[in-house]
Structure formats: C-alpha cells, structure tokens
Amino acid sequence: GAVVSQHPSRVICKSGTSVKIECRSLDFQATTMFWYRQFPKQSLMLMATSNEGSKATYEQGVEKDKFLINHASLTLSTLTVTSAHPEDSSFYICSAPDRAVSGYTFGSGTRLTVV
Amino acid sequence: GQQLNQSPQSMFIQEGEDVSMNCTSSSIFNTWLWYKQDPGEGPVLLIALYKAGELTSNGRLTAQFGITRKDSFLNISASIPSDVGIYFCAGLSSYDKVIFGPGTSLSVIP
C-alpha cells in the first residue's frame, strides 16, 4: 500500500536552533501533505496543509514564521521548526491523501525534544 | 469549528471480550475513518466509511457510519493483547482535512 516515509524519527535539539522534518511519499504522488502535532496523551491537531507548488495554509493559532513548510516536489514536503523552544517539544506527524486507495496515509512521526 | 467526541475515554477489558467505542460530531461528515495508534508511531488506518448507514468489517473489526452522518461506532470482537493502543475516529471535512477525535485508550488484560 501507500507509504509515507518520515525522518527523523527522533531528534533532540538545543533551544534556539532549527530542526527540519521530512516526509516523502514513496510510491505515489502527494500534491498535498497535512502536518499534525500531538502532545502526550492528546489527539492529533492539524497545524498546516502544504501544497506542491504553492504556499502552505496554516490553521488558526499556528505561527507560519515559526513552522516553515516547503512542498518542493510531488513526493517531498518538509516542516522546519525555527528557533525551537522547549514548548515546541512534541510528536509531529505528516499525512498524505492517497487517491488510489481512497485513504490518508500517515508517516511514522517525529519525536522532537528541545532542551 | 468541527469537533469530534469519543467515548469512552479509556477501557480496560479482559482478553477475549468484545469492545465497542463511539464517536459523535456536532456537524456532518461525508467520510468517517477509524485509526489505531501505537506508542511512538503514526496512526494506521483500520476502516474507512464513505456512505451513511454503511457497515464495514476488517477482520475482527466492524465499523458503521451513522445514518445522521454525525456518528460512527467501532466494534472489536474477541480482543487480543495486540489490540492495545489508542483508537481515533476521524472525519473528513469539506476541505479534505482529517479532523481527529480525542481518542479511546484500550488496555487488554491477558
């Protein structure tokens, strides 16, 4: 079935640095990628939607200058957490719609810890 | 905005028992999705429902799309230890966004 590969799976960074998370659709083209954030024992909250070749759309309350999203090709979307702070520590997950199977496939997630 | 509610919040059951969990919404969804998430992993799609009243099975799992399009349930029969995890219902919004419920945490006692 459709696979979305997400890297890295875990990252620890110092406060003030930036971290890039990549999501690749391996066997299908993803014109859209959804980015979610999940805090411990909570549900997934949609942060933004990236669209290949155009600007990402952000959900209310999500800082676009802090969470930079790039959708450079039909198989790659990236989320960069800029000037990370401890409160940005969370589980970040991407998801892409796979029209071939009428479903939404999720990456395996990235555990970000900012120290 | 669109919000989903799930019940129960958590469940502790004996291995072999059947499980039922529910999802409701204040607004209509045209597609309902049920996902399972293991610790430290991304959600995995279990069942997708596309039509009001639809009843769909996937092995020991059965889910139904409520006729009002505002609710769905998921049943698991003869639970086994690997059923442990968090089960999320999700609705597909008119903008193709997947909106998640708060989840039901399932624990299975061997």
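Residues numbered from 1 in each chain as written. Chains lettered and ligands numbered in written order. Predicted model: local features only at pLDDT ≥ 70, side-chain atom pairs only at ≥ 80, totals over all residues. Heavy atoms only, no water.

**As for the interface of chain B and chain A**
Consideration 1: Taken together, the contacts link 16 residues of chain B with 18 residues of chain A.
Consideration 2: Taken as a group, Asp 96, Lys 97 and Phe 100 of chain B account for 31% of the area that chain B buries against chain A, more than any other trio of residues on that side.
Consideration 3: Inspection of the chain B/chain A interface yields 0 salt bridges.
Consideration 4: Inspection of the chain B/chain A interface yields 5 residue pairs in polar contact (both at pLDDT 80 or more).
Consideration 5: Listed by contribution, the elements that provide at least two residues to the side of chain B that touches chain A are strand S4 (32-37), strand S9 (85-92) and strand S10 (98-100) of chain B.
Consideration 6: Per-element accounting of the side of chain B that touches chain A gives the leading share, 3 residues, to S4 of chain B.
Consideration 7: Within the side of chain B that touches chain A, the residues separate by chemical class into 9 nonpolar, 4 polar and 3 charged. (Contact = heavy atoms within 4.5 Å. Buried area = accessible area lost by both parts, 1.4 Å probe. Salt bridge = Lys/Arg side-chain N within 4 Å of Asp/Glu carboxyl O. Polar contact = N/O pair within 3.5 Å; in protein donor to acceptor, adjacent residues only side chain to side chain. Helix = DSSP H or I, 4+ residues; strand = E, 2+ residues; numbered from the N terminus. Nonpolar A, V, L, I, M, F, W, Y, C, P; charged D, E, K, R; others polar.)

**Some details on the side chain of Thr 82 of chain A**
Residue and element names in this part refer to chain A.
Consideration 1: Within the secondary structure, Thr 82 sits in the loop between strand S8 (76-81) and strand S9 (90-98).
Consideration 2: Residue classification places Thr 82 among the buried residues on the basis of a relative accessible area of 18%.
Consideration 3: Within the structure, Thr 82 has its side chain in polar contact with the backbone oxygen of Asp 65 (distance 3.2 Å).
Consideration 4: Leaving out residues up to four positions away in the same chain, Thr 82 has contacts with Thr 17, Ser 18, Asp 65, Lys 66 and Leu 68. (Buried < 20%, exposed > 50% of the residue type's maximum accessible area, 1.4 Å probe, protein only.)

**Topic: the pattern of salt bridges**
Residue and element names in this part refer to chain A.
Consideration 1: Scanning the entire structure with this criterion turns up 4 salt bridges over all chains.
Consideration 2: Across the salt bridge formed by Glu 22 and Arg 24, the nearest N and O atoms sit 3.6 Å from each other.
Consideration 3: Glu 22 gets classed as partly exposed once you look at its relative accessible area, which sits at 26%.
Consideration 4: Linking Asp 88 and Lys 66 is a salt bridge whose minimum nitrogen-to-oxygen distance equals 2.9 Å.

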